Amino acid sequence: MAPRGLSAEEKRVKLLEIFHETKDFFQLKELEKLGPKMKGIVSQSVKEVLQSLVDDGLVQMDKIGSSNFFWSFPSQRGAMMQARLKSVKDTQASHRSQLDELRAAVATEKASRPESDERARMLDQLASLKKERAQLETELATYGACDPAKVEEKKRAIVLAKEAAVRWTGTCFRLLSRWG
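Residues numbered from 1 in each chain as written. Predicted model: local features only at pLDDT ≥ 70, side-chain atom pairs only at ≥ 80, totals over all residues. Heavy atoms only, no water.

1. A short note on the pattern of salt bridges
Next up, step 1: What the rule picks out here adds up to five salt bridges.
Next up, step 2: In this structure, Arg-12 engages Asp-56 in a salt bridge whose closest nitrogen and oxygen atoms are separated by 2.7 Å. Separated by 44 residues along the polypeptide, Arg-12 in helix α1 (residues 8–22) and Asp-56 in the loop between α3 (43–55) and β1 (60–64) bring together distant segments of the chain.
Next up, step 3: Judged by its relative accessible area of 14%, Arg-12 is buried.
Next up, step 4: What makes Asp-56 partly exposed here is its relative accessible area of 46%.
Next up, step 5: Arg-113 is paired through a salt bridge with Glu-109; the nearest N and O atoms lie 3.3 Å apart.
Next up, step 6: Taken together, the shared-partner salt bridges in this structure form one network comprising Glu-9, Arg-12 and Asp-56. (Salt bridge = Lys/Arg side-chain N within 4 Å of Asp/Glu carboxyl O. Helix = DSSP H or I, 4+ residues; strand = E, 2+ residues; numbered from the N terminus. Buried < 20%, exposed > 50% of the residue type's maximum accessible area, 1.4 Å probe, protein only.)

2. Quick notes on the pairing of β1
Next up, step 1: Summarising the sheet, β1 and strand β2 (residues 67–71) pair through five bridges and their orientation is antiparallel. Along β2, the bridge assignment pairs Ile-64 with Ser-67.
Next up, step 2: What sits between β1 and β2 in their antiparallel hairpin is a turn of two residues, with Gly-65 showing a positive phi close to 70°. (Pairing = 2+ DSSP bridges.)

This is how it looks when you write it as C-alpha cells:
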C-alpha cells in the first residue's frame, strides 16, 4: 500500500515546526518552497494550513508594504497559554466568589423563612392558584376569536377595506370614462 499524504493536523504541526526550528520570519512563497523540502508538506496546501494557523493565533502575520510576513516563536505559544491560564483562573475566582455570595443569600433567606404549617399551606395555595391561572389562560386563548376588542378591530378593518375598494373603483371608472 502506497504511503498516504499528511493529515491536516500533521501539516499544521510540521509547518509550525518550521517556524520554531528556524526562529525566522517568512513570506508565503518562501514557505511554499520550504514546506515540501523540509517537512514534506505539499506546496499547494501550505497557504491553507498557514491561514488556519493564523486564524488560531499560533502564527502571526503582518503586512509590510505589499508583502505579508509570517512568524511564530516557541516562547510565544507559552506566553499565550500563560495568559489564557491567568484569565481562566480569574474567571474561576470570580465564579467562586459569586457562588459563595449566592450560598450566603440562600442561607439568610432560609433563616428568614422558617418552616411552619401556615407557610406550607400558603405555598400549596400559591401552587393551586398558579395552576388555575394557567387553565384560565388556555381557556381564554381558545375564546380568543370571540374577544370583543378583536371583533371591534376586525370591524374597523373591514370598513377601511371597503372604503379603499370604493375609492379605487371610483378612480378606475373615472379613468375609463375619460379615455373610453
